[in-house]
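Structural characterization, general
Read off the chains here:
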Amino acid sequence: QVQLVESGGGLVQAGGSLRLSCAASGRSFSAVTMGWHRQAPGKEREFVARILWSGGETYYSESVKGRFTISRDNAKNTVYLQMNSLKSEDTAIYYCNAIIKADRQPLNNYWGQGTQVTVSS
């Protein structure tokens, strides 16, 4: 079983920055893609960013493009989300997401426990 653990959330002033991390762990697995979704209270979970493990191509939602940067460390099985110019509307729980091929298992979609990001005025 693969586990995803997020870290780096917290309280930040508008215009500030945070960097989220998500580390994948488990026995004999390969990430296909990893990324981030977020969910504000009472709202649907929405896509934020993703990165392909093979080649490193990145994708962003329009709301964060130009402000957020997703990156990866293949050796550490870790994905990062650098969030700059944060706005109040970025306040949400951020969830790491991964499509992973684990040994003796088909492709599967995994989610982390989430990390809270709160942007104050």
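Before any of the text, the structure's been laid out above.
Here the structure is a predicted model, which is why all the values come from computation and not from measurement.

**Examining the overall build of the chain**
The number of helices and strands found in the chain is zero helices and eleven strands. Secondary structure elements of the chain, listed N to C terminal, follow the sequence β-β-β-β-β-β-β-β-β-β-β. In terms of C-alpha radius of gyration, the chain reaches 14 Å, essentially the compact-globule figure of 14 Å for 121 residues. Along the first, second and third principal axes, the C-alpha atoms of the chain reach 50 × 30 × 20 Å. For the chain, the residues scored as buried account for 41% of the 121 residues in total. Restricting to contacts in the chain with at least 6 residues of sequence separation, those with at least 24 account for 53%.

**Remarks on the pattern of salt bridges**
Counting across every chain of the model gives five salt bridges. Linked by salt bridges that have partners in common, Arg38, Glu46, Arg67 and Asp90 make up one network.

**Here we look at unusual backbone geometry**
Phi is positive for Ser28, close to 50 degrees, though the residue is something other than glycine. Considering the arrangement of structural elements, one finds Ser28 in the loop between β3 (18-25) and β4 (29-39). The phi torsion at Arg104 lies on the positive side, around 60 degrees, for a residue other than glycine. Looking at the secondary structure, you find Arg104 in the loop between β9 (92-102) and β10 (107-111).

**A look at the pairing of strand β11 (residues 115-120)**
The alternating pattern of β11 places Thr115, Val117 and Val119 on a buried face and Gln116, Thr118 and Ser120 on a face that is not buried. Judged from the four bridges that link them, strand β2 (residues 10-13) and β11 form a sheet pairing that is parallel. Note that in β11 the partner of Gln13 across the bridge is Ser120. Relative to β11, β9 runs antiparallel, the two being bridged by three bridges.

**Some remarks on the nonpolar core**
Core analysis: the largest hydrophobic core is formed by 32 residues, its most contacted members being Leu4, Met34, Trp36, Val79, Leu81, Met83 and Tyr94. With six residues, β9 is the single largest residue contributor to this core. Residues in contact with Met34, not counting those within four places in the same chain, are Leu4, Cys22, Ala24, Arg50, Ile51, Trp53, Ile70, Asn77, Val79, Cys96, Asn97 and Ala98.

**A short note on the sheet that holds strand β8 (residues 78-83)**
Sheets are built from strands that pair by backbone hydrogen bonding, the pairs being arranged parallel or antiparallel. Overall, antiparallel pairing links the four strands, which are arranged β1-β3-β8-β7 in an open sheet. Of all the strands in the sheet, the pair left with one neighbour each is β1 (3-7) and β7 (68-73). Ignoring strand direction, the axes of neighbouring strands in this sheet form an average angle of 15 degrees. Relative to β8, β3 runs antiparallel, the two sharing six bridges.

**Notes on the environment of Asn97**
Turning to its location among the elements, Asn97 is positioned in strand β9. Residues Asn97 and Val79 lie 18 residues apart in sequence; the distance between their C-alpha atoms is 9.7 Å. If we ignore the near neighbours within four places in the chain, the residues touching Asn97 are Leu4, Thr33, Met34, Gly35, His37, Asn109, Tyr110 and Trp111.

Thresholds applied
Residues numbered from 1 in each chain as written. Predicted model: local features only at pLDDT ≥ 70, side-chain atom pairs only at ≥ 80, totals over all residues. Heavy atoms only, no water. Helix = DSSP H or I, 4+ residues; strand = E, 2+ residues; numbered from the N terminus. Rg over C-alpha atoms; globule rule 2.2 N^0.38 Å. Buried < 20%, exposed > 50% of the residue type's maximum accessible area, 1.4 Å probe, protein only. Contact = heavy atoms within 4.5 Å. Salt bridge = Lys/Arg side-chain N within 4 Å of Asp/Glu carboxyl O. Pairing = 2+ DSSP bridges. Core = buried A, V, L, I, M, F, W, Y, C linked by side-chain atoms within 4.5 Å. Axes fitted to C-alpha atoms, helices over the stretch in contact; angles between N-to-C directions.

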